[in-house]
Structures are given as structure tokens and as C-alpha cells.
Amino acid sequence: MASLLSLESDILFYSLVGGIFPALFWLWFWLREDAQHPEPRRLIFSSFLVGGLSTLVVLPLEWLAKSQIGSGFFLIIAWAAIEEAAKYAFTAMHAFRKKDFDEPIDALIYLITVALGFAAFENVLFLIKTFSNQGILAGVLIGNIRFIGASLLHIVSSSAVGAAIALTFYKGRILKTFSVTVGLILATALHTFFNFF
């Protein structure tokens with residue numbers, strides 16, 4: 001029993017390290033782009049956590065989509081749409097209402113931060129499963145692939161939405177709504193393309 005608990009705690013530890021630290025590296029990398037007008041660290045940290053917590057909403061929705069759609073290409077589209085909509089919605093509710101959301105680049109910064117929190121928690125879950133079923137070596141290999149593939153996917157797709165918001169930052173509500181819609185469609189298309197291949 002003690003060895004089983006030790007194995008499970010090792011798996012959890014390696015999964016947390018392998019899932020969270022690469023996302024934090026990407027976050028550090030992207031935050032350097034806003035070095036002249038940095039966002040408050042507390043808001044960056046809480047946005048990262050909000051991104052991780054958003055997976056608790058996304059996973060049941062994806063399970064529901066699978067139960068309704070089954071499998072195949074339409075499920076891939078549904079999962080991509082759910083994840084992109086959730087990342088945007090959680091960012092909008094958490095960061096876009098703050099006084100610190102005061103310049104176009106902020107849309108990219110906060111969406112990327114939430115996306116990295118989402119990717120970190122998603123990576124932790126993948127690594128737990130991989131470490132448990134296939135061992136440490138397989139987990140390390142998958143962790144490296146997800147560091148580049150899945151994490152960058154979430155950055156790029158959320159950046160599409162962020163760029164759409166940034167381009168219409170000073171425009172009226174109708175144009176902003178249109179640009180967010182276009183951004184979400186583009187993000188979903190990129191996400192679907194990545195998942196399909």
C-alpha cells in the first residue's frame with residue numbers, strides 16, 4: 001500500500017511539473033512582449049489560475065458533446081469550439097472587466113495567459129494518464145511534444161481572438177462583437193486543423 005501511494009504521488013508530482021512548468025516558461029516568454037507596460041502580476045497569476053479552472057467546465061461539456069455526437073470530425077470541431085469559447089469567456093469575465101485592461105495588447109496578454117493556464121492543467125491530466133498507463137519515459141516524451149504542440153496551439157488559437165479584439169479595441173460594440181466572432185471562428189478552425197492532423 002505504501003509503495004502504491006508513493007507511485008501515485010510520484011506520478012502526480014511529475015505530472016504537475018511536466019504540465020505546469022513548460023506553460024510557465026511560455027508565459028514568461030510572452031510577457032516579455034509587454035515589458036514597457038506590464039500587467040499587474042496578481043492579475044496575470046489569477047488569469048493563469050482561471051485558465052486552469054476553466055478545464056473543470058470544459059471537460060464535462062466535451063463529455064456531453066461526445067455523448068451527443070459520438071466520434072469523428074464533428075466531434076473534433078465541437079471540442080475545439082468548446083475550448084476556444086471557454087478560454088474567451090473566462091478571460092472576458094475575469095480580466096476584460098478590470099481597469100488594467102486598458103490597451104489593445106492587453107487582449108493578447110490576458111487571452112494567452114488564460115490559454116496557458118488551460119494548457120497547463122490539460123497537460124497535467126494527459127501526463128497523469130500517460131505516466132499511469134505507459135510509464136515515465138512515455139510521459140516525458142509526450143510532455144515534450146505537448147510543450148511544443150498543444151501549448152503552442154492554445155497560444156496561437158487564443159492569439160487569433162486576442163488580435164481580433166486588439167484590432168477593434170477603440171471601435172464600437174457592433175464591430176467588436178463581429179471581430180470576436182471572427183476571431184473565435186478562426187481559433188476554432190486552427191484548433192480543429194491541429195487536432196485533426
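Residues numbered from 1 in each chain as written. Predicted model: local features only at pLDDT ≥ 70, side-chain atom pairs only at ≥ 80, totals over all residues. Heavy atoms only, no water.

A short note on the overall build of the chain
Within the chain, the regular secondary structure consists of 6 helices and 0 strands. Scanning the chain from its N terminus toward the C terminus, one meets helices and strands in the order α-α-α-α-α-α. Looking at the 197 residues of the chain, the share that counts as buried comes to 46%. Restricting the contact set of the chain to residue pairs at least 6 apart, pairs at least 24 apart contribute 77%. For the chain, the accessible area works out to roughly 11000 Å², and carbon and sulfur atoms hold 73% of it. (Helix = DSSP H or I, 4+ residues; strand = E, 2+ residues; numbered from the N terminus. Buried < 20%, exposed > 50% of the residue type's maximum accessible area, 1.4 Å probe, protein only. Contact = heavy atoms within 4.5 Å. Areas by Shrake-Rupley, 256 points an atom, 1.4 Å probe, with all protein chains shown as cover.)

So, the packing of aromatic side chains
According to the stated counting rule, one finds 7 aromatic pairs in the structure shown. The ring of Phe-169 has Lys-176 lying over it, and the distance from NZ or CZ to the ring centre is 5.9 Å. (Phe/Tyr/Trp six-rings, centres within 6.5 Å; stacked < 30°, edge-to-face > 60°. Lys NZ or Arg CZ within 6 Å of the ring centre and 35° of its normal.)

Let's talk about the pattern of salt bridges
According to the stated counting rule, one finds 3 salt bridges in the structure shown. A salt bridge links Lys-87 to Glu-84, with the shortest nitrogen-to-oxygen separation between them at 3.1 Å. With a gap of 3 residues between them, Lys-87 and Glu-84 both fall in helix 3 (residues 73-94), about one helical turn apart. Both residues of the pair, Lys-87 and Glu-84, count as buried. (Salt bridge = Lys/Arg side-chain N within 4 Å of Asp/Glu carboxyl O.)

Observations regarding a nonpolar patch on the surface
A cluster of nonpolar side chains, Phe-13, Tyr-14, Val-17, Phe-21 and Leu-24, forms an exposed patch at the surface whose accessible area comes to about 470 Å². As for its placement among the helices and strands, Phe-21 is situated in helix 1 (residues 2-31). (Patch = residues over 30% accessible without salt bridge, like charges linked within 9 Å, V, L, I, M, F, W, Y side chains within 5 Å.)

A closer look at the environment of Lys-98
Here Lys-98 lies in the loop between helix 3 and helix 4 (104-134). Since its relative accessible area comes to 34%, Lys-98 is described here as partly exposed. Put simply, Lys-98 and Leu-43 are 55 residues apart on the chain and 9.0 Å apart in space, counted from C-alpha to C-alpha. Within the structure, the side chain of Lys-98 is placed 2.9 Å from the backbone oxygen of His-94, a separation counted as a polar contact. (Polar contact = N/O pair within 3.5 Å; in protein donor to acceptor, adjacent residues only side chain to side chain.)

Describing the side chain of Ser-151
Counting through the fold element by element, Ser-151 comes out in helix 5 (residues 136-167). Residue Ser-151 is classed as buried on the basis of its relative accessible area of 0%. A polar contact of 3.4 Å, which involves the side chain of Ser-151, links it to the side chain of Asn-123.

Some thoughts on the environment of Leu-12
Of note, Leu-12 is situated in helix 1. Under the relative-accessibility criterion, Leu-12 is labelled partly exposed at 41%. Measuring from C-alpha to C-alpha, the distance between Leu-12 and Leu-127 comes to 8.6 Å, with 115 residues separating the pair along the chain.

Focus: the packing of helix 2 (residues 41-69) against helix 3
At their nearest, the axes of helix 2 and helix 3 sit 8 Å apart, and the two run at 150 degrees to each other. Between helix 2 and helix 3, the angle falls in the class roughly antiparallel. The way helix 2 lies across helix 3 gives a crossing that is right-handed. Contacts from Leu-43, Ser-46, Ser-47, Val-50, Ser-54, Val-57, Val-58, Leu-61, Glu-62, Ala-65, Lys-66 and Ile-69 in helix 2 reach Phe-74, Leu-75, Ala-78, Trp-79, Ile-82, Glu-83, Ala-86, Phe-90 and His-94 in helix 3. The residue inventory of the contact of helix 2 with helix 3, partitioned by class, reads 14 nonpolar, 4 polar and 3 charged. (Axes fitted to C-alpha atoms, helices over the stretch in contact; angles between N-to-C directions. Parallel < 35°, antiparallel > 145°, perpendicular 65-115°, else oblique. Left-handed = near helix turned anticlockwise from the far one by under 90°. Nonpolar A, V, L, I, M, F, W, Y, C, P; charged D, E, K, R; others polar.)

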